[in-house]
Amino acid sequence: MKKETWTELAIGALNLQAGNSVSNLTGTWRSGRKPEFIEDNCIQCFFCWLYCPHFAVRVEEGKVTGFNYDYCTGCGLCAEECPTKEKAIVMVKEETKIIEEGKK
Amino acid sequence: MAKLKDLAQMEDRLVAGHGMCLGCGIPLIFKIILRATEDPLIIANATGCLEVCTTIFPRTAWNVSWIHSAFENAASTIAGVEAMYKALKNKGKIPADKKIKFLGVGGDGGTYDIGLQALSGAVERGHEFVYVCYDNNVYANTGGQRSSATPLGASATTAPSGSKSPGKIQGRKDLAQIMVAHKIPYVAQASPHRWQDLYNKAKKAFEAVGPAFLNVLCLCPTEWKYDESKGIKLAQLAADTCVWPLYEVENGRYKINYKPKQKKPVLEWLESQGRFRHLFKEENAWIIEKIQQDVDRDWEWLTRLAEISSRP
Ligand SMILES: Cc1ncc(C[n+]2csc(CCOP(=O)(O)OP(=O)(O)O)c2C)c(N)n1
Ligand code: SF4
Ligand code: SF4
Ligand code: SF4
Ligand SMILES: [Mg+2]
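Just so we're clear, the structure is a prediction, and the values are computed from it rather than from any experiment. Residue indices follow the written sequence of each chain, beginning from 1 at its first position. As a convention, the first chain written is A and the first ligand written is 1, with the rest following in written order. Two thresholds apply to this predicted model, a pLDDT of at least 70 for residue-level local features and 80 or more for giving and counting side-chain atom pairs, whereas whole-chain, interface and lining totals are computed over all residues. Calculation of side-chain values draws on the structure's entire complement of heavy atoms; hydrogens and water are dropped beforehand.

Participant: Quick question: what am I supposed to make of the overall build of chain B here?
Facilitator: In terms of helices and strands, chain B carries 12 helices and 10 strands. Expressed as lengths along the three principal axes of its C-alpha atoms, the size of chain B is roughly 70 × 55 × 40 Å. Residues classed as buried in chain B amount to 58% of the 312 residues present. For chain B, the proportion of contacts with a sequence separation of at least 24, taken over those separated by at least 6, is 68%. Between the mean site of the 40 positive side-chain charges and the mean site of the 33 negative ones, chain B shows a separation of 3 Å. In this description a helix means any DSSP run of H or I spanning at least four residues, a strand means any run of E spanning at least two, and both kinds are numbered starting from the N terminus. Burial classes follow relative accessibility: with a 1.4 Å probe on protein chains only, a residue under 20% of its type's maximum area counts as buried, one over 50% as exposed, and anything between as partly exposed. Only heavy atoms matter for contacts: two residues are in contact if any of them lie within 4.5 Å across the pair. His is not counted here, nor are the chain ends, while Lys and Arg score as positive and Asp and Glu score as negative. Charge positions come from single atoms, namely NZ of Lys, CZ of Arg, CG of Asp or CD of Glu.

Participant: It is not clear to me how the coordination of the magnesium ion (ligand 5) should be interpreted in this structure. Could you clarify?
Facilitator: Where a metal carries four tetrahedral donors, each ideal angle is 109.5 degrees; where it carries six octahedral donors, the ideal angles are 90 or 180 degrees. Residue and element names in this part refer to chain B. Each metal's donors are the N, O and S atoms within 2.8 Å of it, or within 3.2 Å when it is Na, K or Ca, and because water is not part of the set, sites may look incomplete. Only Asp108 (OD), Asn136 (OD1) and Val138 (O) from the protein coordinate the magnesium ion (ligand 5), and they sit 2.0 to 2.1 Å from it. Motif for the magnesium ion (ligand 5), donor spacing along one chain: D-x27-N-x1-V. Residue aspartate 108 is found in helix H5 (residues 108-113), and its partner asparagine 136 is found in the loop between strand E4 (130-135) and strand E5 (161-162); the two are separated by 28 residues along the sequence. Comparing aspartate 108 with asparagine 136, the two get one shared label, buried.

Participant: Looking at this structure, I do not really get the pattern of salt bridges. What am I missing?
Facilitator: Note on pairing: side chains with opposite charge can pair once their charged atoms come close. Residue and element names in this part refer to chain B. Salt bridge, as used here: a side-chain nitrogen of Lys or Arg that lies within 4 Å of a carboxyl oxygen of Asp or Glu. Counted under the stated rule, the structure contains 20 salt bridges over all chains. With a closest N to O distance of 2.9 Å, lysine 86 and glutamate 82 form a salt bridge. Of this pair, lysine 86 and glutamate 82 are both found in helix H4 (residues 74-90), 4 residues apart, which corresponds to roughly one turn of the helix. Owing to a relative accessible area of 2%, glutamate 82 belongs among the buried residues under this scheme. Note that aspartate 135 and arginine 172 form a salt bridge whose closest N and O atoms lie 3.0 Å from each other.

Participant: Looking at this structure, I do not really get the sheet that holds strand E10 (residues 253-256) of chain B. What am I missing?
Facilitator: As a general point, the strands of a sheet are linked pairwise by backbone hydrogen bonds and lie either parallel or antiparallel. All names here are of chain B. Paired strands, in this sense, are two strands between which DSSP finds at least two bridges. In space, the 8 strands of this open sheet follow the order E2-E1-E3-E4-E8-E7-E9-E10, with mixed pairing throughout. Single-partner strands in this sheet number two, and they are strand E2 (65-68) and E10. Strand-to-strand twist in this sheet, taken as the mean axis angle between neighbours without regard to direction, amounts to 15°. Bridge count for strand E7 (residues 186-190) against strand E9 (residues 247-250) is 4 bridges, and the pairing is antiparallel. Paired with valine 187 across the bridge in E9 is valine 249. Inter-axis angles, ranging from 0 to 180 degrees, are taken between N-to-C directions of lines fitted to C-alpha atoms, where helices are fitted over the stretch in contact. Of the strands in this sheet, strand E1 (41-45), strand E3 (101-107), E4, E7, strand E8 (212-217) and E9 touch helix H8 (residues 195-207), which is tilted by about 160° from E7.

Participant: Is there a simple way to explain the pairing of E3(B) in this structure?
Facilitator: Residues in a regular strand project their side chains so that they alternate between the two faces of the sheet. Residues and elements named next belong to chain B. Most of E3 sits out of view: 7 of its 7 residues are buried. Burial along E3 is two-sided: Lys101, Leu103, Val105 and Gly107 facing one way and Phe102, Gly104 and Gly106 facing the other are all buried. Two elements, E3 and E4, share 5 bridges in a ladder whose sense is parallel. In the strand pairing of E4, leucine 103 is matched with valine 130.

Participant: What am I meant to see in the site of ligand 4 here?
Facilitator: Nearness is judged by heavy atoms alone; a residue qualifies as near a molecule or strand once a single heavy atom is within 4 Å of it. The local shell around ligand 4 consists of Met20(B), Cys21(B), Cys24(B), Ile26(B), Cys49(B), Asn136(B), Ala140(B), Cys220(B), Pro221(B) and Thr222(B). Here the residues of the shell around ligand 4 sort into 8 nonpolar, 2 polar and no charged. Classification convention: Asp, Glu, Lys, Arg as charged; Ala, Val, Leu, Ile, Met, Phe, Trp, Tyr, Cys, Pro as nonpolar; all other residues, Gly among them, as polar.

Participant: Just checking my understanding: could you explain the interface of chain A and chain B for this structure?
Facilitator: One widely used convention gives an interface's size as the accessible area the parts lose upon coming together. Taken residue by residue, the interface counts 37 residues in chain A and 39 residues in chain B. Two parts placed together each lose some accessible area; with a 1.4 Å probe, that loss summed over both constitutes the buried area. Carbon and sulfur atoms make up 63% of the surface buried where chain A meets chain B, a total of about 3300 Å² over both sides. The largest share of the area that chain A buries against chain B comes from Trp49(A), Leu50(A) and Phe55(A), three residues that together contribute 22% of it. Our count for the chain A to chain B interface comes out at 4 salt bridges. The closest approach of N and O atoms between Glu80(A) and Lys230(B), which form a salt bridge, is 3.4 Å. Contacts described as polar in this section are N or O atom pairs within 3.5 Å, which, within protein, must combine one atom able to donate a hydrogen with one able to accept it, while residues neighboring in sequence count only if both atoms come from side chains. Scanning the region where chain A abuts chain B turns up 20 residue pairs in polar contact (both at pLDDT 80 or more).

Participant: Explain the side chain of Asn284(B) to me, please; I cannot follow it from the model alone.
Facilitator: Residue and element names in this part refer to chain B. Relative to the helices and strands, asparagine 284 is located in the loop between helix H11 (266-271) and helix H12 (285-310). In this structure asparagine 284 comes out as buried when scored by relative accessible area, which is 7%. Within the structure, asparagine 284 has its side chain in polar contact with the backbone oxygen of histidine 278 (distance 3.0 Å). Every residue in contact with asparagine 284, bar those within four places of it in the chain, is listed here: Pro166, His278 and Leu279.

Participant: Just checking my understanding: could you explain the site of ligand 2 for this structure?
Facilitator: Close contacts around ligand 2 come from Pro35(A), Cys52(A), Pro53(A), Ala56(A), Phe67(A), Cys72(A), Thr73(A), Gly74(A), Cys75(A), Gly76(A) and Cys78(A), and that covers them all. Residues belonging to the shell around ligand 2 are distributed by class as follows: 8 nonpolar, 3 polar and no charged.

Participant: How should the packing of aromatic side chains be read in this particular structure?
Facilitator: Given two aromatic rings, their pairing is described by the distance between the two centres and the angle made by the two planes. Classification of ring pairs uses Phe, Tyr and Trp, with its six-membered ring standing for Trp, and accepts pairs whose centres are within 6.5 Å; under 30 degrees between planes counts as stacked, over 60 as edge-to-face, and the remaining range as tilted. Taken as a whole and assessed by the stated rule, the structure comprises 10 aromatic pairs over all chains. With 6.1 Å between their ring centres and 55° between their planes, Phe47(A) and Tyr51(A) make a pair best called tilted. Remark: Tyr51(A) and Phe47(A) occur in helix H1 (residues 47-51); sequence separation between them is 4 residues, near one turn of the helix. According to the relative accessible area criterion, Phe47(A) is partly exposed, its value standing at 28%. When its relative accessible area of 4% is taken as the criterion, Tyr51(A) is described as buried. Remark: a charge is flagged as sitting over a ring if the NZ atom of Lys or the CZ atom of Arg is within 6 Å of the ring centre and within 35 degrees of the ring normal. Here the guanidinium or amino end of Lys31(B) rests over the ring plane of Phe55(A), the centre of that ring lying 5.0 Å away.

Participant: It is not clear to me how the packing of H4(B) against helix H6 (residues 116-124) of chain B should be interpreted in this structure. Could you clarify?
Facilitator: Each packed pair of helices is defined by two parameters, the angle between the axes and the distance between the axes. Residue and element names in this part refer to chain B. Direction vectors running N to C along H4 and H6 enclose 30°, while the axes themselves pass 7 Å from each other. Between H4 and H6, the angle falls in the class roughly parallel. Contact with H4, carried on its side by Ala75, Ser76 and Ala79, involves Ala118, Leu119 and Ala122 of H6 and no other residues of that element. What sets the label is the angle itself: under 35 degrees gives roughly parallel, over 145 gives roughly antiparallel, 65 to 115 gives roughly perpendicular, and the rest give oblique.

What follows is the structure in structure tokens.
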């Protein structure tokens, strides 16, 4: 992300780019585990969406459809709170890789 | 009644890419609160984890008008904005039918401690705004110093447990009661694990005529020291042990919104977090006893207030 210089910045310490944090990919923090979505077991209760601190649960056309791994930090709250008997979210091992991108 | 499915399809006013910790409770709280009004919203945010982690320059995770406030004056800042809005309306520069909502936000350090005077003044003057305190019991952003919301016996960096100290030796200040004493229209305590309750309370707060105050329990795996996937279970436990009662006070009348069928011993709460680990040493047994007594006393008091309030 290009940083503006003092001559380019808006006066009054304004940031006019609402929501531009989306370029900060918190998924790069994930270390060793990630959630996996098992659609067949999902009852669409939206608890995973509710309890995800990093806005990483994908909702498309009114349905939970899985995860956005660009932001998922692997905290496990969604899997812990998924209420189905046969879990619709399981935490799986993930090999940690160093990602050069993300810290742009 | 709101449905999660519908809430999930509303636009996020706080978005991805913020830098709060794994399993942090702050986004869970504001995900709900920010959906409880559809009116345009202006927020003043005291410094603390939420403020710092959402606005690391040159980025912002806010999709609404948002003002960084100093640590001590979020309530004054938002009161000033609200006063200006009224003035502009009077001058006809904002259409008379335009509705804007105002929200002040701070952590427990920024609210119970350093921002208390600003908050007290702003609600006493009757500004129409909502103030939300997210109470994680500690000055989390600067490394876990004790606040007046830190509970008895918890270890904090400025009240550490050790051979000479059992952690914090004072109990918690009861901020919700202080706000009730201001005789404002709406005061409530909520928790993220009961989203419907939190949503209803935020809605009532936004719709109140006059100032409204919400105190919301905020999970903090980093400072409370627990497995970050277990946060919602902890919030439930806080309600079931009556460590964090869920109640509201509408125009002076108390209502308890959650009564555990069987009140659990505080022991279970204390066992669940590393910040209380040292309390299980023999010499600290008196603290656990005292915590239980305090919780019982406060719950009894609250129950009575609710009972009196239910009389015609
Ligand atoms: C006047 C002043 N004193 C100290 C600080 C440093 N400071 C920034 S955030 C913070 C802690 C905030 O604690 P709290 O309000 O509980 O919010 P949390 O970090 O827990 O979210 C402190 C001490 C400051 N910014 N301004
Ligand atoms: S693991 Fe955590 S960050 Fe990832 S989707 Fe689940 S709740 Fe969200
Ligand atoms: S919590 Fe589980 S069951 Fe509920 S919507 Fe998410 S994946 Fe589906
Ligand atoms: S220190 Fe606690 S409150 Fe602050 S961002 Fe981390 S988990 Fe959240
Ligand atoms: Mg705090």
